Amino acid sequence: MTKQIITTTNAPAAIGPYSQAVLTNGTLYASGQIGLIPSTGEFAGETTLDQATQVFKNIDGLLAAADMTRADIVKVSVYLADMADFAPVNELYAEYFSDVDAFPARSAVAVATLPKNARIEIEVIANK
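Values in this document were obtained by computation on a predicted structure and should not be read as measured data.

Peer 1: Explain the pairing of strand E6 (residues 120-127) to me, please; I cannot follow it from the model alone.
Peer 2: A regular strand places its side chains on the two faces of the sheet in alternate fashion. Note that strand E3 (residues 27-30) and E6 share 3 bridges and pair antiparallel. Residue pairing for E6: Thr27 is matched across the bridge by Asn127. Pairing of strand E4 (residues 73-80) with E6, which is carried by 7 bridges, proceeds in the antiparallel orientation. The residue of E6 that forms the bridge with Tyr79 is Glu121.

Printed below as a string of structure tokens:
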């Protein structure tokens, strides 16, 4: 088994003892992304949609660092601070994946709190 640690400045640096992503045997396991702007470490905005838009940019950065694209994503886990945000996030999610042949598998749950009091966190698994 080969294991490569993926790091990029196009996604926020880890805020704890973990890697941004790990690539092993063609599968990328990306750590959860919150809506932080990589260059500043600040949230992209206060709303869930502002943060979700940045989360998807961060995921794109991780995918690019692993030489992958959105089409390689096979599983998405969405964590929301408020399930009332599910419908608008779902619309943004559909837009984000509009250029792929098939949507990946997904789960979405509401959680009590997220790191740095984020409104949303998303993690992905991709395979090439």
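This is not the end of the story, as more comes after the structure.
Peer 1: How should I be thinking about the pattern of salt bridges in this particular structure?
Peer 2: Where charged atoms of side chains with opposite charge meet at close range, the side chains can pair. All chains considered together, the criterion is met by 3 salt bridges. Residue Arg70 is joined to Asp60 by a salt bridge in which the shortest nitrogen-to-oxygen separation is 2.6 Å. Here Arg70 is found in the loop between helix H1 (48-65) and E4, whereas its partner Asp60 is found in helix H1, with 10 residues between them in sequence. Residue Arg70 is classed as partly exposed on the basis of its relative accessible area, which comes to 24%. Its relative accessible area of 25% is what places Asp60 among the partly exposed residues.

Peer 1: Would you mind showing me how to read unusual backbone geometry here?
Peer 2: Leaving glycine aside, a negative phi is the common case for residues, and trans is the common case for peptide bonds. Phi is positive for Asn25, close to 50°, though the residue is something other than glycine. Note that Asn25 resides in the loop between strand E2 (21-24) and E3. Even without being a glycine, Asp67 presents a positive backbone phi close to 60°. Mapped onto the elements of the fold, Asp67 is located in the loop between H1 and E4.

Rules used throughout
Residues numbered from 1 in each chain as written. Predicted model: local features only at pLDDT ≥ 70, side-chain atom pairs only at ≥ 80, totals over all residues. Heavy atoms only, no water. Pairing = 2+ DSSP bridges. Helix = DSSP H or I, 4+ residues; strand = E, 2+ residues; numbered from the N terminus. Salt bridge = Lys/Arg side-chain N within 4 Å of Asp/Glu carboxyl O. Buried < 20%, exposed > 50% of the residue type's maximum accessible area, 1.4 Å probe, protein only.

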